[in-house]
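Architecture and fold: a report
Chain residues, written in single-letter form:
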Amino acid sequence: GQSLEQPSEVTAVEGAIVQINCTYQTSGFYGLSWYQQHDGGAPTFLSYNALDGLEETGRFSSFLSRSDSYGYLLLQELQMKDSASYFCAVSQLNTGFQKLVFGTGTRLLVSP
Amino acid sequence: GAGVSQSPSNKVTEKGKDVELRCDPISGHTALYWYRQSLGQGLEFLIYFQGNSAPDKSGLPSDRFSAERTGGSVSTLTIQRTQQEDSAVYLCASSHLGRQDAGNTIYFGEGSWLTVV
């Protein structure tokens, strides 16, 4: 089986930096992804880590430590439009192909 | 098509009726996923298709749920004898490769919102 843990909610103000943590337990771990979902919308891909370290994509960065089964998403220069739910997801290698399992999500509220 | 297409976008059905939800993945994508999301909750894995391999059905919650994928493209998720707890958004997603590739991106449809009354 597998489990992922994220905080249920995080609040921050515009312009701030926020970090959303994700810890996981899974077999056949291959990588950690992050997805963003606005209310009523479809989840969209943000970032992916297969190796330890930091991946940077504009204002968003994602970090992975495989030895600690831990990762985080870092959002910088927060904007109101960043208010959304953020999901971490582990890729499991299952008979040679990936299977993506999502965490329960972190709701980010950005205030003025 | 340009993106993952799902139909119907909204469905209200009476308890005990069967429903079929359709997913048309991005052309050329070999992997197709179904997830369920209850209001304000996370994404619950249901089933995964990859090419001609046997699907991973490990997430289907009961034998009332089934899915098929015809010709390696369109998929249909069927829920028999619907119950009120089946009310949720059913999200379909597809990806180009089942194996890990750079980005590991899966693309979601807008979902089918199912309400069982």
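Please read these numbers as outputs of a predicted model, since none were measured by experiment.

Cut-offs applied
- Residues numbered from 1 in each chain as written.
- Chains lettered and ligands numbered in written order.
- Predicted model: local features only at pLDDT ≥ 70, side-chain atom pairs only at ≥ 80, totals over all residues.
- Heavy atoms only, no water.
- Helix = DSSP H or I, 4+ residues; strand = E, 2+ residues; numbered from the N terminus.
- Buried < 20%, exposed > 50% of the residue type's maximum accessible area, 1.4 Å probe, protein only.
- Contact = heavy atoms within 4.5 Å.
- Pairing = 2+ DSSP bridges.
- Axes fitted to C-alpha atoms, helices over the stretch in contact; angles between N-to-C directions.
- Phe/Tyr/Trp six-rings, centres within 6.5 Å; stacked < 30°, edge-to-face > 60°.
- Core = buried A, V, L, I, M, F, W, Y, C linked by side-chain atoms within 4.5 Å.
- Salt bridge = Lys/Arg side-chain N within 4 Å of Asp/Glu carboxyl O.

Residue and element names in this part refer to chain B. Within the secondary structure, Pro8 is located in the loop between β1 (5-7) and β2 (10-13). Residue class for Pro8 comes out partly exposed when judged on its relative accessible area of 28%. Separated by 77 residues in the primary sequence, Pro8 and Glu85 have C-alpha atoms spaced 19 Å apart. Those residues in contact with Pro8 that lie beyond four places of it in its chain are Glu20, Leu21, Gly111 and Ser112.

What follows covers the sheet that holds strand β8 (residues 70-75) of chain A. All names here are of chain A. The strand order across the open sheet built from 5 strands is β1-β3-β8-β7-β6, with neighbouring strands paired in antiparallel fashion. Both outer strands of the open sheet, β1 (2-5) and β6 (53-57), are each paired with one neighbouring strand and no more. Strand-to-strand, the axes of this sheet are offset by a mean angle of 15 degrees, without reference to chain direction. Of the pairings in the sheet, the one linking strand β7 (residues 60-65) to β8 comprises 6 bridges and is antiparallel in character.

A few words on the packing of aromatic side chains. Summed over the entire model, instances satisfying the criterion amount to 14 aromatic pairs over all chains. Ring centres of A:Phe102 and B:Tyr35 lie 5.2 Å apart, and the angle between their planes is 90 degrees; on these two criteria the pair is classed as edge-to-face. With A:Phe102 in strand β10 (residues 97-102) and B:Tyr35 in strand β4 (residues 31-37), this pair bridges two chains. Classification of B:Tyr35 as buried rests on a relative accessible area of 0%. Taken together, A:Tyr35, A:Phe45, A:Phe87, A:Phe102, B:Tyr33, B:Tyr35, B:Phe45, B:Tyr48 and B:Phe108 form an aromatic cluster joined through their ring pairs.

What follows covers unusual backbone geometry. Look at the link from B:Ser7 to B:Pro8: it is a cis peptide, with omega at -10 degrees. In the Ramachandran plot, A:Glu77 falls in the positive-phi region, its phi being about 45 degrees despite a non-glycine side chain. Here A:Glu77 is to be found in the loop between β8 and β9 (84-94). Backbone geometry at B:Arg81 places phi at a positive 50 degrees, although glycine is not the residue there. Within the secondary structure, B:Arg81 is located in the loop between β7 (75-79) and β8 (88-95). Using a relative accessible area of 43% as the deciding quantity, one classes B:Arg81 as partly exposed.

Take the nonpolar core next. Counting 23 residues, the largest nonpolar core has A:Leu32, A:Trp34, A:Leu75, A:Tyr86 and A:Leu108 as the members making the most contacts within it. When contributions to this core are tallied by element, the ones reaching two or more residues are β2 (9-13), β3 (18-26), β4 (29-37), β7, β8, β9 and β11 (106-111) of chain A. Beyond its immediate sequence surroundings of up to four residues, A:Leu108 is in contact with A:Val10, A:Val18, A:Leu75, A:Leu78, A:Asp82, A:Ser83, A:Ala84 and A:Tyr86. By size, the runner-up hydrophobic cluster in this structure holds 20 residues, among which are B:Val19, B:Trp34, B:Leu60 and B:Tyr90.

Going through the model one piece at a time under the given rule, you end up with 5 salt bridges over all chains. Between A:Arg107 and A:Asp39 there is a salt bridge, with its nearest N and O atoms 2.8 Å apart. Of the two residues, A:Arg107 sits in strand β11 while A:Asp39 sits in the loop between β4 and β5 (44-49), which places them 68 residues apart along the sequence. Looking at A:Arg107, the relative accessible area reads 31%, which means it is partly exposed. For A:Asp39, a relative accessible area of 61% gives the class exposed. Here B:Asp86 ties to B:Arg64 by a salt bridge, and the two come within 2.8 Å at their closest N and O atoms. Here the residue B:Asp86 occupies a position in the loop between β7 and β8, and B:Arg64 occupies one in the loop between β5 (44-50) and β6 (65-69), the gap between them amounting to 22 residues.

Residues and elements named next belong to chain B. Inspection of the secondary structure puts Pro61 in the loop between β5 and β6. By relative accessible area, Pro61 is classed as partly exposed at 39%. When the C-alpha atoms of Pro61 and Leu46 are compared, they prove to be 7.4 Å apart, with 15 residues separating the residues in sequence.

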